[in-house]
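Listed below, chain by chain, are the residues.
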Amino acid sequence: MLYTVDIVTENRPGVLYRIAGLLTKRKINIERINAYAVKGKGISKIFFTADVEKKVMETLAKQIYKVIEVADIKYHEVSH
Amino acid sequence: MKMSGSEILIKSLLKERVEVIFGYPGGANMPIYDALYDYGKQIRHILVRHEQGAAHAAEGYARITGKPGVCLVTSGPGATNLVTGVADAMMDSVPMVAITGQVAAEYLGSDAFQETDVMGITTPITKWNCQVTHADEIVETVAKAFYIASHGRPGPVVIDITKNAQFEEADFFYKKVVVKKLAFTNHFDDDEVRKAADLINRSKRPILLVGHGVLISGAEKEIDELTRKGEIPAAATLHGLSVMSWSNPWFVGLTGMHGKYAPNVLTNEADLVISAGMRFDDRVVGKMSEYAPLAKVIHVDVDASEHNKNIKADLPIVGDIKTFLKDLLPHINTGHRRSWREQFRILDKKEQTAEKKRLKKHRDDITMDEAIKTLSEKTNGQSIIVADVGQNQMFSARYYDFKKPNSFITSGGLGTMGFALPAAIGTAVGNPKRQTYVVVGDGGIQMTIQELGTIMQENLPIKILLLNNEFLGMVRQWQELFFDKRYSFTNMTGPNYVDLAKAYGIKAKKISKKINLRTAISEFVESKESYLLEIKVAKEGNIFPMVPTGVAVDKVRLE
Ligand SMILES: Cc1ncc(C[n+]2csc(CCOP(=O)(O)OP(=O)(O)O)c2C)c(N)n1
């Protein structure tokens with residue numbers, strides 16, 4: 001299932017790497033990714049699209065949310 | 001007042017009430033060591049013989065005290081040597097603060113001498129990590145590290161401090177940090193508590209699974225009350241051992257791969273599984289799709305990401321197990337489940353028959369069961385058992401009669417051979433009032449055997465029970481059962497362990513005959529100093545029951 005995941009995080013080195021690691025661990029390939037720092041707020045937004053098994057997505061989102069710097073995460077299925 | 005980053009670090013550790021550091025010096029942490037030199041009275045430093053030992057010792061310390069274990073190593077090889085222990089702490093939810101020296105910031109990324117990407121290497125095996133390149137970042141980082149390591153689900157954090165930050169001067173004002181996200185652990189409401197109580201009260205065949213979370217949260221009493229009041233049979237995971245003792249009639253023993261026959265079989269007949277601070281590891285559930293098919297599942301865990309990860313939960317509860325149980329207990333009706341409990345006893349008999357048959361095969365040789373049972377008797381089940389990995393670990397788990405909580409320390413999630421000897425240094429330092437026993441195989445002891453030197457130097461009265469089968473026993477057992485007895489590279493020639501221990505000034509003895517077992521263990525237990533007792537055990541002894549990998553738990557094998 002193709003999902004789009006929206007993450008709000010504290011802007012700190014290594015956060016993207018930590019999130020990417022959670023995908024790599026499960027051999028999930030990122031189809032699209034975009035990230036930017038929100039000016040003056042010390043936060044970043046990360047969006048990615050990836051093919052993730054339905055039953056894995058809930059756990060993956062919770063694991064990403066466990067990353068200390070992550071403030072919020074939302075995901076939704078991408079309709080083809 | 002301005003002071004060096006190194007001194008700021010030491011002062012920050014003192015503010016976090018650190019009493020012991022397990023460490024090893026090198027080029028990239030020398031300024032920190034230099035600062036430590038002046039604080040010898042306030043902080044005890046234990047010089048290990050290999051950085052892996054520092055990490056495992058910190059784990060042992062953390063697990064016995066409940067406080068984060070601290071280790072301090074240099075960059076490059078110091079940090080990479082530490083990695084196994086950090087990964088181990090991550091898997092077993094052990095609070096740890098690991099401090100690594102790093103090359104000066106100006107050299108970062110230049111492949112400088114002893115530079116490794118510590119952040120890169122440790123990111124997947126830490127709860128959090130942070131690189132510090134300036135002295136004025138140290139206080140906040142340390143405060144945050146301790147908070148994160150010990151709040152919510154505990155875990156290891158790594159602080160990588162570049163050498164310039166250790167030299168640089170800054171002001172020292174200590175301020176504790178609260179990480180909001182981890183400040184609130186209980187995310188359940190009354191409605192969920194009542195739902196859980198309702199599921200429990202209506203269940204005819206419930207089984208409670210007691211995990212490491214119960215020890216971390218200190219909920220032994222609540223578990224005891226729940227089982228007795230509700231008449232609920234309770235099994236323990238490897239890390240949940242010692243929460244309950246056999247004096248509670250509702251305790252049914254270890255479950256999982258080498259757990260007892262009854263809890264494994266009857267999990268698949270239960271109509272309710274109550275999971276208390278355990279994560280349905282594959283070594284507990286066997287074939288996931290065939291696990292507890294008749295049961296509703298209540299899963300209590302502080303870590304929400306464990307819910308529905310392996311086993312679907314009908315009622316996931318996010319929270320601290322002790323708080324939850326306290327709320328739950330008033331709603332629990334007095335249970336009437338003796339006949340359900342009786343079914344466990346019937347299956348226990350079946351297991352005992354198989355066990356007797358197995359022991360008959362080894363009339364002359366000492367078996368691991370006998371060694372552990374004798375140790376258990378002679379110590380009245382009161383000691384701290386630090387078991388390594390393999391058959392020795394599973395026999396310890398099965399045959400030591402734990403009578404006190406928090407008494408079984410072993411590497412569960414990562415299954416790290418070589419864990420026991422250094423981890424025992426941590427438990428002995430962390431709780432000198434209780435006696436620490438190491439149980440280890442001839443394979444595992446040789447992985448970290450150099451820590452005998454640490455035991456010698458620190459004069460730690462650690463007792464080491466070496467169960468020598470001259471094999472990598474657990475692997476050999478699998479070869480026997482699943483690879484047609486093709487013993488491919490699992491027999492191991494060992495050194496003269498008695499001479500070796502003696503070379504480290506540690507008392508030692510070796511026995512191989514059954515008739516000497518009881519006196520040898522008595523002498524071993526009574527010794528006031530460190531002592532290595534090598535027992536030559538049956539070479540091809542096996543541990544049963546066993547749930548082979550990927551097989552349903554009710555297909556557990558008795559032989
Ligand atoms: C570091 C590490 N390497 C390899 C293994 C795989 N392994 C698991 S049990 C075992 C055998 C252990 O042998 P020994 O220490 O002699 O203990 P025994 O099983 O004989 O009690 C091995 C090799 C492991 N768990 N850890």
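Keep in mind it's a predicted model, so treat the numbers as computed, not measured. All residue numbers here refer to positions counted from 1 along the written sequence of the relevant chain. As they are written, the chains are lettered A onward and the ligands numbered 1 onward, keeping that order. Totals for whole chains, interfaces and linings use every residue, but because this is a predicted model, local features are given only for residues with pLDDT of at least 70 and side-chain atom pairs only at 80 or more, for both listing and counting. Working from all heavy atoms in the structure, the side-chain values ignore hydrogens and water.

### Points about the overall build of chain B
Rules: Helical segments are the DSSP runs of H or I of at least four residues, strand segments are the runs of E of at least two, and each set is numbered from the N terminus. Contacts are assigned to residue pairs that have any heavy atoms within 4.5 Å of one another. Each accessible area is a Shrake-Rupley estimate made with a 1.4 Å probe; only the visible protein chains count as cover when residues are assessed. Counting rule for charge: Lys and Arg are taken as positive, Asp and Glu as negative, and neither His nor the chain ends is counted. Here the site of a charge means NZ on Lys, CZ on Arg, CG on Asp, or CD on Glu.
Assigned secondary structure in chain B consists of 23 helices and 20 strands. Principal-axis analysis of the C-alpha atoms places the extent of chain B at approximately 70 × 60 × 40 Å. Contacts spanning at least 24 positions in sequence make up 76% of the contacts within chain B whose residues lie at least 6 apart. Accessible surface, chain B as shown: approximately 22,100 Å² in total, 52% of it carbon and sulfur. Averaged over its 69 positive side-chain charges, chain B has a centre that lies 8 Å from the centre of its 66 negative ones.

### Re the nonpolar core
All names here are of chain B. We apply this condition: Think of a nonpolar core as a cluster: buried Ala, Val, Leu, Ile, Met, Phe, Trp, Tyr and Cys residues, connected wherever their side-chain atoms sit within 4.5 Å. Relative accessible area decides the class of each residue, using a 1.4 Å probe on protein chains only: under 20% of the type maximum gives buried, over 50% gives exposed, and in between gives partly exposed. Domain start and stop points were drawn from an automatic or database domain assignment.
With 65 residues, the main nonpolar core has Ile298, Leu328, Leu375 and Ile535 as its most contacted residues. The residues that make up this core include at least three from each of domain 2 (190-344) and domain 3 (363-536). Excluding its chain neighbours within four sequence positions, the residues that come into contact with Leu328 are Val193, Ala196, Ala197, Ile200 and Leu226. Core analysis: the second largest hydrophobic core is formed by 51 residues, Ala87, Ala428, Ile455 and Leu466 among them.

### Notes on the site of the ligand
Residue and element names in this part refer to chain B. As a reminder, the rule being used: Residue proximity to a molecule or strand is established when one non-hydrogen atom of the residue lies within 4 Å of it. Contacts described as polar in this section are N or O atom pairs within 3.5 Å, which, within protein, must combine one atom able to donate a hydrogen with one able to accept it, while residues neighboring in sequence count only if both atoms come from side chains. Residues are sorted three ways: Asp, Glu, Lys and Arg are charged, Ala, Val, Leu, Ile, Met, Phe, Trp, Tyr, Cys and Pro are nonpolar, and all the rest, Gly among them, are polar.
In the vicinity of the ligand lie 18 residues, with Gln391, Asn392, Gly415, Gly444 and Gly473 positioned nearest. One of the side-chain nitrogen or oxygen atoms of Asp442 is found 3.1 Å away from an oxygen atom of the ligand. Protein chains shield 77% of the accessible area of the ligand, which is 580 Å² for the free molecule. Among the elements of the structure, helix H17 (391-399), helix H19 (442-445) and helix H21 (473-482) are those that each provide at least two residues to the shell around the ligand. Partitioned by chemical class, the residues of the shell around the ligand number eight nonpolar, nine polar and one charged.

### A look at the sheet that holds strand S5 (residues 96-102) of chain B
All names here are of chain B. Operational definition: In this scheme, strands are said to pair when DSSP sees at least two bridges between them. Lines fitted to C-alpha atoms define the axes here, with helix axes fitted over just the stretch in contact, and angles between the N-to-C directions of these axes take values from 0 to 180 degrees.
Spatial strand order, S3-S2-S4-S5-S7-S6: six strands in an open sheet with parallel pairing. Strand pairing shows two members of the sheet lacking a second neighbour, strand S3 (44-47) and strand S6 (128-132), which therefore form its edges. On average, adjacent strands in this sheet sit at an angle of 20 degrees to one another, irrespective of strand direction. As defined by bridge partners, strand S2 (residues 20-23) adjoins strand S4 (residues 69-73) across two bridges and the pair is classed as parallel. Following the sheet pairing, Phe22 is matched in S4 by Cys71. Where helix H3 (residues 51-65) meets the sheet, its contacts fall on S2, S4 and S5, and the angle it forms with S4 comes to roughly 165 degrees.

### Some points on the packing of helix H16 (residues 368-378) of chain B against helix H23 (residues 517-526) of chain B
Residues and elements named next belong to chain B. Operational definition: Here roughly perpendicular refers to angles of 65 to 115 degrees, roughly parallel to angles under 35, roughly antiparallel to angles over 145, and oblique to all remaining angles. Left-handed describes a crossing whose near helix is turned anticlockwise from the far helix through less than a right angle; right-handed describes the clockwise counterpart.
Their axes nearest at 10 Å, the elements H16 and H23 cross at an angle of 50 degrees. Taken as axis vectors, H16 and H23 run oblique relative to one another. For the pair H16 and H23, the crossing hand works out as right-handed. Between H16 and H23, the residues in contact are Glu370, Ala371, Thr374, Leu375, Glu377 and Lys378 and Leu517, Arg518, Ile521, Ser522, Phe524 and Val525, respectively. The class makeup of the residues in the contact of H16 with H23 is six nonpolar, two polar and four charged.

### Concerning the sheet that holds strand S17 (residues 436-441) of chain B
Residue and element names in this part refer to chain B. In space, the six strands of this open sheet follow the order S16-S15-S17-S18-S20-S19, with parallel pairing throughout. Each edge of the open sheet carries a strand with a single partner, namely strand S16 (408-410) and strand S19 (507-511). Each neighbouring strand pair of the sheet contributes to a mean axis angle of 20 degrees, computed without reference to strand direction. Both strand S18 (residues 463-468) and strand S20 (residues 531-536) contribute to a ladder of six bridges, which runs parallel.

### Section: the interface of chain A and chain B
Condition: Buried area: the sum, over both parts, of the accessible surface (1.4 Å probe) that disappears when the two are put together. Any carboxyl oxygen of Asp or Glu within 4 Å of a side-chain nitrogen of Lys or Arg constitutes a salt bridge here.
On the side of chain B, 20 residues touch chain A, which itself brings 14 residues to the contact. Buried surface at the junction of chain A and chain B, both sides included, amounts to about 1,400 Å², of which 47% is carbon and sulfur. Run the count over chain A and chain B and you get one salt bridge. We note a salt bridge from Asp303 of chain B to Lys66 of chain A, for which the minimum N-O separation is 2.6 Å. The interface formed by chain A and chain B holds 12 residue pairs in polar contact (both at pLDDT 80 or more) in total. Mapped by element, the contributors of at least two residues to the side of chain A that touches chain B are helix H1 (15-24) and helix H2 (54-66) of chain A. Among the elements that take part in the side of chain A that touches chain B, H2 of chain A stands out by supplying six residues, more than any other.

### With respect to the pairing of S3 of chain B
Where S2 of chain B meets S3 of chain B, four bridges bridge the pair, whose relative direction is parallel. Of the residues in S3 of chain B, the one forming a bridge with Val20 of chain B is Arg44 of chain B.

### So, the environment of Gly42 of chain A
Residues and elements named next belong to chain A. On the secondary structure map, Gly42 appears in the loop between strand S2 (30-38) and strand S3 (43-51). Taking C-alpha positions, Gly42 is 5.4 Å from Asn11, a pair spaced 31 residues apart along the chain. Beyond its immediate chain neighbours, meaning those up to four positions away, Gly42 contacts Thr9, Glu10 and Asn11.

### Side note on the domain arrangement of chain B
Residue and element names in this part refer to chain B. In terms of domains, chain B is made up of domain 1 (2-182), domain 2 (190-344) and domain 3 (363-536). Residue-level contacts link seven residues of domain 1 with seven residues of domain 2. Surface buried jointly by domain 1 and domain 2 totals about 600 Å² across both partners, of which 49% is contributed by carbon and sulfur atoms. For domain 1, the biggest contributors to the area lost against domain 2 are Arg63, Asp92 and Arg153; these three give 68% of the whole. One salt bridge connects Arg153 with Glu306, and the closest N-O pair in it is separated by 2.8 Å. Where domain 1 meets domain 2, there are five residue pairs in polar contact (both at pLDDT 80 or more). Looking at the side of domain 1 that touches domain 2 residue by residue, the classes come out as two nonpolar, two polar and three charged.

### Some points on the packing of aromatic side chains
Residue and element names in this part refer to chain B. Selection rule: Aromatic contacts are taken between Phe, Tyr and Trp rings whose centres are within 6.5 Å, Trp giving its six-membered ring; a plane angle under 30 degrees counts as stacked, one over 60 as edge-to-face, and the others as tilted.
Within this structure, the stated rule accounts for 15 aromatic pairs over all chains. On the numbers, 6.3 Å between centres and 35 degrees between planes, the contact of Phe172 with Tyr174 is tilted. A relative accessible area of 16% means that Phe172 is categorised as buried. With a centroid separation of 5.1 Å and 75 degrees between ring planes, the pair formed by Trp340 and Phe344 is classed as edge-to-face. With Trp340 and Phe344 both in helix H15 (residues 338-360) and four residues apart, this pair spans about one turn of that helix. Phe344 matches Trp340 in its accessibility class, with the two residues each being buried.

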